[in-house]
Amino acid sequence: GYAASDSKMEEKVSVRKPDTHAREYSFLQLDNGLKAIIGSDPKCDKAGAGLCVNVGMCHERKDLPGLAHFLEHMLFTGTAKYPK
């Protein structure tokens, strides 16, 4: 379902997790359509992020073979300026 909030329509999403899982989660959708699940654990002193784009080599254009693999390396291997 949807609920009005700040003059926008937001999809209500329930994030399922085990009862023993202490983190709290919330869902949001950005204006560009990107959907995100935000996790919060006040006891944790670290932060992290994950991204699933649901694309890969099966979605590549025929004239750009290897693009998905190249971008994977750009995301996870780094560059000279940002090696880690």
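These numbers were taken from a predicted model, which means no experiment stands behind them.

Rules and cut-offs
- Residues numbered from 1 in each chain as written.
- Predicted model: local features only at pLDDT ≥ 70, side-chain atom pairs only at ≥ 80, totals over all residues.
- Heavy atoms only, no water.
- 1 Å grid on protein atoms, 1.4 Å probe; cavity = no way out; pocket = protein on both sides within 12 Å on 5 of 7 lines; lining within 4 Å.
- Points joined across faces, edges and corners; volume = space filled by probe spheres on them.
- Helix = DSSP H or I, 4+ residues; strand = E, 2+ residues; numbered from the N terminus.
- Nonpolar A, V, L, I, M, F, W, Y, C, P; charged D, E, K, R; others polar.
- Patch = residues over 30% accessible without salt bridge, like charges linked within 9 Å, V, L, I, M, F, W, Y side chains within 5 Å.
- Areas by Shrake-Rupley, 256 points an atom, 1.4 Å probe, with all protein chains shown as cover.
- Salt bridge = Lys/Arg side-chain N within 4 Å of Asp/Glu carboxyl O.
- Buried < 20%, exposed > 50% of the residue type's maximum accessible area, 1.4 Å probe, protein only.

Draft legend 1. Representation of the layout of surface pockets in the model. Considered as a void within the structure, the second largest pocket measures approximately 320 Å³ in volume. Looking at the second largest pocket, it is lined by 13 residues, and the ones nearest its centre are I38, G39, S40, A47 and G48. Broken down by element, the lining of the second largest pocket gets its largest block of residues, 4 residues, from strand β4 (residues 35-40). For the lining of the second largest pocket, the residue count by class is 6 nonpolar, 4 polar and 3 charged.

Draft legend 2. Representation of a nonpolar patch on the surface in the model. On the surface, L28, L30, L34, I38 and L51 cluster together into a nonpolar patch covering about 440 Å² of accessible area. Relative to the helices and strands, L28 resides in strand β3 (residues 24-29).

Draft legend 3. Spatial organisation of the pattern of salt bridges. On inspection of all chains with the given rule, the structure shows 4 salt bridges. Between R23 and D41 there is a salt bridge whose closest N-O contact spans 3.8 Å. Here R23, found in the loop between β2 (8-11) and β3, pairs with D41, found in the loop between β4 and α1 (67-76); they are 18 residues apart in sequence, far enough to count as distant. According to the relative accessible area criterion, D41 is partly exposed, its value standing at 26%.

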